[in-house]
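# Residue-level structural notes
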Amino acid sequence: MNETLKTIHSLRSIHGNFSSQEITDEDLKLILDACVRAANASARQSYSIVVVEDRDLMKKLCGYAGSKALVFCVDYNRIMDVAEHLGHRFSVDGVIPFVTGSTDTILAAQTAAIAAKALGIDSLFTNGIHRGDITRVYELLSLPEKYCFPLIMLVLGYPKKEPGYLKGRLRGPGVVHYGKYYRATADELATLVQQYDDSEKHLGLNDTWKQKGFEHYLAWFYTVWSARSGKKSGKSQMYEILERTGFLESDSVKE
Ligand SMILES: Cc1cc2nc3c(=O)[nH]c(=O)nc-3n(C[C@H](O)[C@H](O)[C@H](O)COP(=O)(O)O)c2cc1C
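Counting of residues starts from 1 at the beginning of each chain's written sequence and follows it residue by residue. Thresholds applied to this predicted model are a pLDDT of at least 70 for local features of residues and 80 or more for the giving and counting of side-chain atom pairs; totals over whole chains, interfaces and linings are not thresholded and use all residues. With hydrogens and water set aside, each side-chain value is computed from the structure's full complement of heavy atoms.

The side chains of a regular strand alternate between both faces of the sheet. Within strand β4 (residues 148–157), ten of the ten residues are buried, which leaves it mostly tucked inside the rest of the structure. In this analysis, strands are considered paired if DSSP registers two or more bridges between them. By definition, any uninterrupted DSSP run of H or I lasting at least four residues is a helix, any uninterrupted run of E lasting at least two residues is a strand, and each is numbered from the N terminus. Alignment of strand β2 (residues 68–75) against β4, held across eight bridges, turns out to be antiparallel. Directly across from Lys68, in β4, lies its bridge partner Leu156. Where strand β3 (residues 122–126) lies against β4, five bridges are found, and the strand directions are antiparallel. Bridging across to β4, Phe125 finds its partner in Leu154. Here's how the labels work: a residue is buried when its accessible area is under 20% of the maximum for its type, exposed when over 50%, partly exposed in between, all with a 1.4 Å probe on protein chains only.

Next up, the structure:
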């Protein structure tokens, strides 16, 4: 394996236990300069990255804290402001710019995680910014209400304690489809269930499902983990915030 593949294969999440060791400003700059190299639709870079260096602020934002954190937001404000500055109009209403902007944003975020790992820095992606009252993220970071949505937060730092193992991944049928979509057979589904049960593979979120009396890891996953947040009637706060951003307004598709 070359160094790039070794870096990618060594990626892992540090679940909240980062040490007090700080990332240097030089390394932070290397990560930021690398992440914006990711591909981006129409060469627009439809995102903003908010760098957070205050650990208390990180906790308020997502519940975790490391040396630095990057909040990756889908964001069209810079592009719209430049348009206005030049006397042009640039409209981004609708779900298409949201999906395209989200793609730009997430590619930059994953590139940041890889760049960090190449420098020996670990990370944690968290959607903790979407838990609780999401408006706090807008307030704490002074995000514009329109055409800006905080998509994912990447906490960076050094682990307090080395994780015992790398989490596994599924790779075969059901994940990779050659040529056309292929629906896993009953036998293949049973193999998937077994793979999750295999404690050597570390595919699941925990190894405690057996002690809790479940026959399979996925039985625990579907009944306990997936049932954590019950369905509420009405719109979610995230939906309301997306409405406020303008990203859910009816699409104006150019023919
Ligand atoms: C969108 C997203 C949100 C996540 N949110 C959290 C989180 O809030 N807390 C956490 O401990 N891990 C979080 N993770 C990390 C995953 O749990 C982790 O990637 C997964 O268990 C696989 O482990 P690994 O990254 O160590 O291989 C998140 C990952 C993603 C991609």
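Looking now at the state of the cysteines. Two cysteine sulfur atoms make up a disulfide if the distance between them is within 2.5 Å. One pass over the full model with this rule turns up zero disulfides. Cys62 takes part in no disulfide bond, and the closest cysteine sulfur to it belongs to Cys73, at a distance of 13 Å. There is no disulfide at Cys73, and the cysteine sulfur nearest it, in Cys148, is 4.5 Å away. Judged by relative accessible area, Cys73 falls into the buried class, the value being 0%.

This brings us to the site of the ligand. When we say a residue is near a molecule or strand, we mean one of its heavy atoms is within 4 Å of it. With respect to spatial proximity, the complete set of residues near the ligand consists of Arg12, Ser13, His15, Tyr64, Leu124, Phe125, Thr126, Asn127, Arg131, Ile152, Lys167 and Arg169. Between an oxygen atom of the ligand and a side-chain N or O atom of Thr126, the distance comes to 2.9 Å. Two N or O atoms count as a polar contact when they lie within 3.5 Å, although within protein this holds only if one can serve as hydrogen donor and the other as acceptor, and sequence-adjacent residues are included solely when both atoms are side-chain atoms. At 3.4 Å from a nitrogen atom of the ligand is found a side-chain nitrogen or oxygen belonging to Asn127. Compared with its free state, where it exposes 620 Å², the ligand has 68% of that area covered by protein. A total of three residues in the shell around the ligand trace back to one element, the largest contributor, which is β3. In terms of residue class, the shell around the ligand is made up of four nonpolar, four polar and four charged. For every accessible area listed, the method is Shrake-Rupley and the probe measures 1.4 Å; residues are considered covered only by the protein chains on display. Under the scheme applied here, ten amino acids are nonpolar (Ala, Val, Leu, Ile, Met, Phe, Trp, Tyr, Cys and Pro), four are charged (Asp, Glu, Lys and Arg), and all others, including Gly, are polar.

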